[in-house]
Amino acid sequence: MTLGTGALAIPPHVDLITIDGSINPAVDDFVRESIARAKSDGAKALIIELDTPGGLLESTRSIVKEILGAPLAVMVYVAPSGAGAGSAGVFITLAAHIAAMAPGTNIGAAHPVGGGGEEIKGVMGEKLENFTASFSESIAQKRGRNTEWAIQAVRKSVSITEKEALKQNVIDIVAANVEDLLKQADGRSVEI
């Protein structure tokens, strides 16, 4: 413990939450509350350990908005090995101040589908695809990530491993575990 000016100071720390499953309004609330709690706790960052097949676009958009406007660094870590950031997970990972993946993980396949996984046909399907592709592109652009890949993840449902994601500037770090992530993230500057 460190002594501050006349009071005990809390040593620097990060908060960690886990999202393991579909993205929905409850997950949106959880992320929003976790960002607020991390800020009020004096955390230096919030790590979101993510493993998702996808979820609702409205909840995803809200989570992305929360991450992009967060008052502290948000790191999204696709983990553990065997995990994936499918569909909605692509947007959430791209939105992170620091995006990381564990070995043996993948990211991609963000083409929009209906609630039962069915293809959305016609003009409505085209509109939704165009909107979602531009959403993905704008997030990648904001964070200085690969915009072309972000568009193809939506339009062509491309999916890549953590090694390819690092090579193609989709993520910033491949980390074996949270400690490795923190070690590699140490000293990096992010825009809040």
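For clarity, every value in this text was computed on a predicted model and none was experimentally measured. (Residues numbered from 1 in each chain as written. Predicted model: local features only at pLDDT ≥ 70, side-chain atom pairs only at ≥ 80, totals over all residues. Heavy atoms only, no water.)

Visitor: I'd like a description of the side chain of arginine 143, backed by residues and values.
Guide: One can find arginine 143 in helix α4 (residues 122-143). Of the side chains with opposite charge, glutamate 191 comes closest to the buried, unpaired arginine 143, at an N-O distance of 6.1 Å. Residues contacting arginine 143, with those up to four places away along its chain left out, are Ile67, Leu68, Leu94, Ala95, Ala96, His97 and Glu191. (Helix = DSSP H or I, 4+ residues; strand = E, 2+ residues; numbered from the N terminus. Buried < 20%, exposed > 50% of the residue type's maximum accessible area, 1.4 Å probe, protein only. Lys, Arg positive; Asp, Glu negative; His and termini not counted. Salt bridge = Lys/Arg side-chain N within 4 Å of Asp/Glu carboxyl O. Contact = heavy atoms within 4.5 Å.)

Visitor: I'd love a proper account of the packing of aromatic side chains, names of residues and values included.
Guide: Per the stated rule, a full pass over the model turns up 2 aromatic pairs. Ring centres 5.2 Å apart and planes at 40 degrees place the aromatic pair phenylalanine 91 and phenylalanine 135 in the tilted group. Here phenylalanine 91 is found in helix α3 (residues 88-95), whereas its partner phenylalanine 135 is found in helix α4, with 44 residues between them in sequence. According to the relative accessible area criterion, phenylalanine 91 is buried, its value standing at 3%. (Phe/Tyr/Trp six-rings, centres within 6.5 Å; stacked < 30°, edge-to-face > 60°.)

Visitor: Hey, could you go over the confidence of the model for the protein for me, with residue numbers and the actual values?
Guide: Of the residues in the protein, 94% reach a pLDDT of 70 or more, and the chain-wide mean stands at 93. Low pLDDT, under 50, characterises residues 1-7; the stretch is placed with 6 contacts to residues that sit more than four places away or in other chains. (pLDDT = per-residue confidence, 0-100.)

Visitor: Please give an account of the pattern of salt bridges that cites residues and values.
Guide: On inspection of all chains with the given rule, the structure shows 9 salt bridges. Ionic pairing is found between aspartate 29 and arginine 32, a salt bridge with its closest N-O pair at 3.0 Å. Residue aspartate 29 and its partner arginine 32 are located together in helix α1 (residues 25-41), separated by 3 residues, close to a single helical turn. Residue class for aspartate 29 comes out partly exposed when judged on its relative accessible area of 37%. Classification of arginine 32 by relative accessible area gives partly exposed; the value is 30%. Linking arginine 145 and aspartate 172 is a salt bridge whose minimum nitrogen-to-oxygen distance equals 2.5 Å. Placement of the pair is arginine 145 in the loop between α4 and α5 (147-155) and aspartate 172 in the loop between α6 (162-167) and β10 (173-174), with a sequence separation of 27 residues. Taking the relative accessible area as the measure of exposure, arginine 145 reaches 5% and is therefore buried. Using a relative accessible area of 23% as the deciding quantity, one classes aspartate 172 as partly exposed. By sharing partners, the salt bridges in this structure join Asp28, Asp29, Arg32 and Glu66 into a single network.

Visitor: I'd love a proper account of the pairing of strand β7 (residues 98-101), names of residues and values included.
Guide: Alternating residues of β7 divide into Ile98 and Ala100 and Ala99 and Met101, and every residue in both groups is buried. Bridge analysis of strand β5 (residues 73-78) against β7 gives 4 bridges, and the strand direction is parallel. Bridged to tyrosine 77 within β7 is alanine 100. Where β7 and β10 come together, 2 bridges link them in parallel fashion. Residue pairing in the sheet places alanine 100 in a bridge with isoleucine 173 of β10. (Pairing = 2+ DSSP bridges.)

Visitor: Give me the sheet that holds strand β8 (residues 106-108): which residues, what numbers.
Guide: The 3 strands are arranged β6-β8-β9 in an open sheet whose pairing can be described as mixed. Edge positions in the open sheet fall to β6 (84-86) and β9 (159-161), since each of these has one partner strand only. Ignoring which end each strand starts from, the neighbouring axes of this sheet average 15 degrees apart. Those strands touched by α3 are β6 and β8, and its axis lies near 110 degrees from that of β6. (Axes fitted to C-alpha atoms, helices over the stretch in contact; angles between N-to-C directions.)

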